[in-house]
Amino acid sequence: MNPKLREKTMESLSAVLPISGIVLFISVFLVPMNLGTMVMFLAGAVMLILGMGFFQLGAEMSMTPIGEGIGVQLSRSKRVWVVLFIGFIMGAIITISEPDLQVLAEQVPAIPNMVLILTVAVGVGLFLALAILRIKFQIDLSKLLIGLYAVLIGASFFVPREFLAVAFDSGGVTTGPMTVPFIMAMGIGLASMRSGKNAASDSFGLVALSSIGPILAVLVLGCFYNPTETEYSLGAVADVTTTRDVVRVFAQEIPAYAGEVLVALLPIAAVFLLFQLFTRRYQKRQVVRISVGMLYTYIGLVLFLCGVNIGFAPVGAFLGGELASLDYNWVLIPIGMLIGYYIVKAEPAIQVLNHQVENVTDGAISVKTMNRSMSIGVAVSIGLAMLRILLSIPIYWIIIPGYIIALVMSRFVPKMFVGIAFDSGGVASGPMTSTFLLPLSIGTCQALGGDLMTDAFGVVALVALTPLIAIQVMGLVYRFKTSKLEKQAVQHIGLTADSDDIIDLEEGG
């Protein structure tokens, strides 16, 4: 095995094992599962581990250099309309190919799949163009976010409440394993052509702004659809009795995901070919490497999506329904928090973001520190999501105060942490959230007889919210430590200077 692929696969194994252990614990002590269901879950876990390994290596080899190359070329363009047009097209193409969005579209009963996907794609395209302009003209990210979220919160009061949770969820799912490596690399490429103290911090923020567009777009779309017109039913765990049945189920589903991922990747491959033809940016060896990376990305996403959708999602819905039916269903809150703490580490795009943060900050913010902060944030998110379902708390009561806190904090933390924090919120809500935690919430909501549109949806939005606060808290700690070290350095210099003066006086005397 390729040493790099082995390394990525071992990282994936360490991320997925804790979740598998939690599910096994629940199946033994709280919610008994038949062996067929457990085998399906474990088979899905194996595919997920292999898929993440292939995907992370593929994204590193292909998506990152393509995005960075396009970002560099855009930064050189003097024609603003060209920059806007390319930003819009790239945002729309990459969003349509996003597997997370496909998953959410399947689970929203009120809107036709393609209508939701195209609406979200337009929203991402428009706001990615805006994000590129922000870097090009050095607009303050914090002020821009405050203004845009003020518009978003204001608009939310004029649409049916049933669409609020879905709208905020759509902002989270658009920033998944396909979009994050590409968009983040584009930001690095755009900022790399500039010099100055804010160049590194400006490379972050594209994901954050790209997450706002879909929310506004779906809020507008909510005015045209009646969420009470359709019903939704969860898919059940496949009925298997032998190992041959398990292989048969996955073998039957793989072709569908292979076709879906192929359709998703073809536009990106076409963009790469056109970009190479017009710019001749990459040498032959780099083109081969990017092509191999595309193949790895394809294999990884097929394995990942098949494993998660067939093995993980039905088990998530099953566990949610069974745990909600217990007399002590409050146990969903600590269990949800525990799952949330570990599940974020299994998100492919999270690892891409964390490694890029470590590289851009020259190790000042390590992968380990990012993982810990993200895990704490997502654990709180899932705890709040379970509490919200159990008590039917309106999402307004959590989302609006949460964003106000995050936006106020953005005025006091170092600029780099603002971009990282708001990027991390979108990145945290990836395919694992969409295909395990959302079904868990839906299963819980249906077992309790709650309103699907207002209570079950919103878990992705909450997962996207709390990392904003957690990472900025890390930024405040970083600022405090930095200031303390600077003061100590100044005091040390002052004491040294005083000592030199005394020595000079003594020598002069």
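A. A look at the overall build of the protein. The secondary structure content of the protein amounts to 20 helices and 0 strands. Within the protein, the proportion of its 509 residues that are buried is 58%. In the protein, the proportion of contacts linking residues at least 24 apart, taken out of those at least 6 apart, comes to 87%. For the protein, the accessible surface area stands at approximately 21100 Å², while carbon and sulfur atoms represent 66% of it.

B. Looking closely at helix H6 (residues 141-156). For H6, spanning 16 residues, the distance from its first C-alpha to its last is 22 Å, which sits close to the expected 22 Å at 1.5 Å a residue. Taken as a whole, H6 has its buried residues at Leu141, Ser142, Leu144, Leu145, Leu148, Tyr149, Leu152, Ile153 and Ser156. Projected down its long axis, H6 shows its buried positions confined to an angular sector of 155 degrees, all on one face. Opposite the packed face of H6, turned more than 90 degrees from it, sit the exposed residues Lys143 and Val151. As for H6, its buried residues are in contact with helix H5 (113-137), helix H7 (164-173), helix H10 (206-221), helix H16 (396-409) and helix H17 (415-428). The backbone nitrogen of Ser142 has a side-chain oxygen 3.2 Å away, supplied by the residue at the start of H6, namely Asp140.

C. A look at the pattern of salt bridges. This structure, assessed with the given rule, holds 5 salt bridges. Its salt-bridge partner being Glu60, residue Lys4 comes within 3.9 Å of it at the nearest N-O pair. Here Glu60 lies in helix H2 (residues 35-76) and Lys4 lies in helix H1 (residues 3-29), a separation of 56 residues in the sequence. Where salt bridges share partners, they join Lys4, Lys8 and Glu60 into one cluster.

D. Representation of the layout of surface pockets. In this structure, the second largest pocket occupies an estimated 430 Å³ of space. Ile86, Leu274, Phe275, Phe278 and Thr279 are, among the 15 residues lining the second largest pocket, the residues nearest its centre. Elements represented by at least two residues in the lining of the second largest pocket include exactly H2, helix H3 (80-96) and helix H11 (243-279).

E. Molecular detail of the packing of aromatic side chains. On inspection of all chains with the given rule, the structure shows 9 aromatic pairs. Ring-pair connections join several aromatic residues into one group, and the members of that group are Tyr149, Phe168, Tyr403 and Phe422.

F. Region of interest: unusual backbone geometry. A positive phi is found at Arg280, a non-glycine position, where the angle reads about 50 degrees. Exposure remark for Arg280: the relative accessible area of 61% places this residue in the exposed category. One non-glycine residue, Ser392, lies in the positive phi region at around 55 degrees. The residue Ser392 is located in the loop between helix H15 (367-391) and H16 in this model.

G. Broad picture of the packing of H6 against H10. Taken N-terminus to C-terminus, the directions of H6 and H10 make an angle of 15 degrees; their axes are 10 Å apart at the nearest point. The orientation of H6 relative to H10 falls into the category roughly parallel. Regarding H6 and H10, the two cross each other, and that crossing is left-handed. Facing Leu141, Leu144, Leu145, Leu148, Tyr149, Leu152, Ala155 and Ser156 of H6, the residues of H10 in contact are Leu209, Ile212, Ile215, Leu216 and Leu219.

H. Focus on the environment of Phe304. Following the sequence through the fold, Phe304 ends up in helix H12 (residues 284-324). For Phe304 and Gly53, which are 251 residues apart along the polypeptide, the C-alpha to C-alpha distance reads 9.4 Å.

I. Focus on the nonpolar core. Core analysis: the biggest nonpolar cluster contains 159 residues, and Phe312 and Phe457 have the highest contact counts within it. In terms of residues, this core owes the most to one element, H2, which gives 17 residues.

J. Empty space enclosed by the protein, seen in detail. Enumeration according to the criterion identifies 2 cavities of 30 Å³ or more in this entry. Taken as a whole, the largest cavity encloses approximately 110 Å³ of empty space. Lining the largest cavity we find 14 residues, and of these Tyr149, Ser211, Tyr403, Gly426 and Ala464 sit closest to its centre. Only H7, H10, H17 and helix H20 (459-508) provide two or more residues apiece to the lining of the largest cavity. Split by residue class, the lining of the largest cavity holds 9 nonpolar, 5 polar and no charged. Its volume calculated, the second largest cavity comes out at about 40 Å³. Lining the second largest cavity are Ile153, Ser156, Phe168, Ile395, Tyr396, Ile399 and Ile400. When residues of the lining of the second largest cavity are traced back to their parent elements, those giving at least two are H6 and H16. Per-element accounting of the lining of the second largest cavity gives the leading share, 3 residues, to H16.

K. Just H12, in detail. Taking 1.5 Å of rise per residue, 41 residues should cover 60 Å, and H12 covers 57 Å from first to last C-alpha, within 8% of that figure. Most pronounced at Phe312, the bend in H12 amounts to some 35 degrees, and the proline Pro314 follows within four residues.

L. Focus on the side chain of Ser211. Tracing the backbone through its elements, the reader meets Ser211 in helix H10. At 2.9 Å, the side chain of Ser211 forms a polar contact with the backbone oxygen of Val207. Filtering out sequence-adjacent residues up to four positions away, Ser211 remains in contact with Gly171, Thr174, Thr175 and Gly426.

What counts and what doesn't
Note on numbering: residues in each chain are counted from 1, in written sequence order. In keeping with the model being predicted, local features are shown solely for residues with a pLDDT of at least 70 and side-chain atom pairs are shown and tallied solely at 80 or more, while totals for entire chains, interfaces and linings include all residues. To obtain the side-chain values, all non-hydrogen atoms of the structure were included, while hydrogens and water were left out. Comment: elements are numbered from the N terminus, with helices defined as DSSP H or I runs of at least four residues and strands as E runs of at least two. Only protein chains enter the area calculation, which uses a 1.4 Å probe; residues under 20% of their type maximum are buried, those over 50% are exposed, and those in between are partly exposed. Only heavy atoms enter the contact rule, under which two residues are in contact if any of them lie within 4.5 Å. The accessible surface values rely on the Shrake-Rupley method and a 1.4 Å probe; as for residues, cover is taken only from the protein chains in view. Expected helix span is taken as 1.5 Å per residue step, with the number of steps being one fewer than the number of residues. The directions from the helix axis to the C-beta atoms are what the arc is built from. Counting of polar contacts relies on pairs of N or O atoms within 3.5 Å, with two restrictions inside protein: one atom must be capable of donating a hydrogen and the other of accepting it, and residues adjacent in sequence are counted only when both atoms are side-chain atoms. Salt bridge, as used here: a side-chain nitrogen of Lys or Arg that lies within 4 Å of a carboxyl oxygen of Asp or Glu. Two kinds of site are reported from a 1 Å grid over the protein atoms alone, namely cavities, where a 1.4 Å probe fits but cannot get out, and pockets, open sets with protein on both sides within 12 Å along at least five of seven lines, and residues are called lining when an atom falls within 4 Å of a point. Grid points are joined across faces, edges and corners, and a volume is the space filled by probe spheres set on the points. Pairing of aromatic side chains requires ring centres within 6.5 Å, counting the rings of Phe and Tyr and the six-membered ring of Trp. Pairs whose planes differ by under 30 degrees are stacked, by over 60 edge-to-face, and all others tilted. Structural elements are reduced to axes, namely lines fitted to C-alpha atoms, with helices fitted over the stretch in contact, and the angle between N-to-C directions of any two is expressed from 0 to 180 degrees. Roughly parallel means an angle under 35 degrees; roughly antiparallel, over 145; roughly perpendicular, 65 to 115; everything else is oblique. Each helix crossing is assigned a hand: it is left-handed if the near helix lies turned anticlockwise from the far helix by less than a right angle, otherwise right-handed if that turn is clockwise. Nonpolar cores were defined as sets of buried Ala, Val, Leu, Ile, Met, Phe, Trp, Tyr and Cys residues, with membership established by side-chain atoms within 4.5 Å. By the convention adopted, Pro, Cys, Tyr, Trp, Phe, Met, Ile, Leu, Val and Ala count as nonpolar, Lys, Arg, Asp and Glu as charged, and the other residues, Gly among them, as polar. By definition, a residue's bend is the angle between the axes fitted to the seven residues ending there and the seven starting there.

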